[in-house]
Amino acid sequence: MNKIISTIAEKMSAAFVAAGYEERFAAVTVSNRPDLCQYQCNGAMAAAKQYKKAPIMIANEVVAGLAGDPMFSLCEAVAPGFINISVSAQYLAEYVFAMKDEEKFGLELAKKPQTVVVDYGGANVAKPLHVGHLRPAVIGEAVKRILRYTGNNVIGDAHFGDWGTPIGLIITEIRRRQPELVYFDPDYTGEYPKEPPFTVSELEEIYPFASGYSKEHEDYREDARRAILELQNGRRGYYALWEHIMTVSMMDLKKNYESLGVNFDLWKKESDAQPYIPDMIQEMKDKGYTRISEGALVVDVKEETDTKEMPPCMILKSDGATLYNTTDLATIVERRKLFDPDRIIYVVDKRQSLYFEQIFRCAKKTELVRPETEFVHIGFGTMTDKGGKPFKTRDGGVMRLEELVGNIADEVYNKMADRDMPEEERRSIAKTIGLAALKYGDLSNQSTKDYIFDMERFTSFEGNTGPYILYTMVRIKSILSKLPGDVEVSAPSGRDYGEEEKNLLLTLSRFADSVEKAAAELSPMKICQYIYDLANCFNGFYHANKILSESDETKKSEWIVLLKLTLAILNDCISMLAFEAPDRM
Ligand code: ARG
């Protein structure tokens, strides 16, 4: 369906041209004074300079050309030269009624659907998920779903870290503790045990220990470095140990991401890109893109216009080991081979932005991708406590994601103490609401900004929160359950509409605008803003009308249509944000 704002823009263009002005002045925007009008055009102001005329004169001439159009309930020129526009309630109602019968409520799908890889999650194996993993998972999942909803072919990849320094550290630490294990005997040629020599909780204890220990012990660090190099060179025992680490850790990661409602299409790991490395490096060398710098193999990525420091992209360390960079580049090669993506989006902490700039430039320069391939780094900020410090547990440790999810569910559970429902149901609903609170609390901020984790505010049933959105949906469900379900109204009757109902119609009609914006700007926040607006409009409408006891049957039937549509749109939106609504709360 053509968006209302587009229809207005077309009419406005025609009116500008008919009045003798260039079309480019006819841009229409959503009004920034919703108390005065719904849409506006400020083009007369700009045209005034070119045509050397008073803006108000131009605005008046354009408005005269639009006079009498039944689409508008308001179309007027106001000093110094604004054109204010509102759409008639009847037009809005007809539009909204047409939306309900359309696929995705009339949203026009991407004209040129793209193949997009979203690289998010990025947890390192052998470590439990902690609060630092929340943002990439939540933002990435939403971006993936928004792009998919708008008609693109989207592949979400977890890209787990399983090949770098941490693995070297873990191997080194296991050897320190149990040097007698067969994995460390270089002469061993038999089969390795099927059972891992550690449990998931042991593994989770090993890494932080090793990481801390290595900071103080140079030789230990050196051992870890050599271990990873030997693993990369195919040392059998290390490889077998690494496989154990993977099995134990991946099961745990899957469980955790699942309970967060995050599902990757690909559960790939850094190691999956390793087979692509030798040829990639050979080609880079053959094409003359590399040089040796202090023993390391690098590609220069500096550009003349750079104002900031742009170090070369390292491909191999001086000892010949591959590194984080090499893997990311090889993953690009792999993705090209498997999906030939038009776009690759990385949802990774903004502290890695220089790194990604180097990778993107290097990939383009060395022709790993088509020249038009688009790389995007969504660099997110930090979730902090009220003091602005990275969010930690009470005793200063890193909080597990599981614990955070549990805490927020408990908070909601306690808020629902007075509800008359079975204990088990209250628990399960609290978990659903808790997740919404957490995700909405994150996504309703601009991704690049830091934000404060505020349990009290996030779990509030009022205000700009996830629970408020869910509460609104539950309210609609409850009203609908008391009304006949089978009303069929194909077109609105043309009655008088109250102010609140008009607001609701207007906001419903703007669904596609919001989703398109969210997709274009890769901004889940836009969806949050829209559903908050929609929830407010709905609640305004709800308080202004007695829906259940309304005696005018025509009105009531039309309201049922609006209720259903509002609920369906909210449902699609929260599903883009990857959370769900309970049936009651
Ligand atoms: N595992 C990495 C880390 O812990 C994040 C991975 C991000 N994704 C990527 N393609 N580099 O920093």
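Reading the values: the criteria
- Residues numbered from 1 in each chain as written.
- Predicted model: local features only at pLDDT ≥ 70, side-chain atom pairs only at ≥ 80, totals over all residues.
- Heavy atoms only, no water.
- Core = buried A, V, L, I, M, F, W, Y, C linked by side-chain atoms within 4.5 Å.
- Buried < 20%, exposed > 50% of the residue type's maximum accessible area, 1.4 Å probe, protein only.
- Helix = DSSP H or I, 4+ residues; strand = E, 2+ residues; numbered from the N terminus.
- Contact = heavy atoms within 4.5 Å.
- Expected span 1.5 Å × (residues − 1).
- Pairing = 2+ DSSP bridges.
- Salt bridge = Lys/Arg side-chain N within 4 Å of Asp/Glu carboxyl O.

> Help me understand the nonpolar core in this model?
Inside soluble globular proteins, nonpolar side chains tend to come together where they are buried. In this structure, Met-12, Ile-83, Leu-404, Phe-511 and Ile-569 are the most contacted members of the largest nonpolar core, which totals 163 residues. With 11 residues, the single largest contributor to this core is helix H20 (residues 553–576). Excluding anything up to four places from it in sequence, Ile-569 contacts Met-99, Phe-105, Leu-508, Phe-511, Tyr-530 and Leu-534. Ranked by size, the runner-up nonpolar core spans 31 residues in total, among them Tyr-276, Ile-277, Met-310 and Ala-363.

> What am I meant to see in helix H5 (residues 134–149) here?
In an α-helix, one turn spans 3.6 residues; hence positions three or four apart end up facing the same way. Its 16 residues place the ends of H5 22 Å apart at the C-alpha level, agreeing with the 22 Å of an ideal helix rising 1.5 Å per residue. With respect to burial, H5 is a largely interior element, 14 of its 16 residues being buried. Two residues or fewer past H5, Gly-151 is found with a positive phi of approximately 100°.

> Please clarify how the sheet that holds strand S1 (residues 29–30) should be interpreted in this entry.
Strands in a sheet are paired, the pairing made by backbone hydrogen bonds, and the direction either parallel or antiparallel. A sheet is described by the order of its strands in space; here four strands give the open sequence S1-S2-S4-S3, paired in antiparallel fashion. Each edge of the open sheet is held by one strand with a lone partner, namely S1 and strand S3 (72–78). Where strand S2 (residues 39–41) lies against strand S4 (residues 82–87), three bridges are found, and the strand directions are antiparallel. Within S4, the position partnered with Tyr-39 by the bridge is Ile-85.

> I would appreciate a short explanation of the pattern of salt bridges in the present structure.
Where charged atoms from two side chains of opposite charge come close, those side chains can pair. Counting across every chain of the model gives 50 salt bridges. Its salt-bridge partner being Glu-22, residue Arg-24 comes within 2.6 Å of it at the nearest N-O pair. For Glu-22, a relative accessible area of 33% gives the class partly exposed. For Arg-370, the salt bridge identified is with Asp-342, shortest N-O distance 3.2 Å. With Arg-370 in the loop between helix H12 (353–365) and strand S11 (374–380) and Asp-342 in the loop between helix H11 (324–339) and strand S10 (343–349), this pair connects stretches of sequence that are 28 residues apart. We classify Arg-370 as buried; its relative accessible area is 18%. Owing to a relative accessible area of 21%, Asp-342 belongs among the partly exposed residues under this scheme. Each member of the salt-bridge network shares a partner with another, and the members are Arg-336, Asp-340, Asp-342, Arg-370 and Glu-372.

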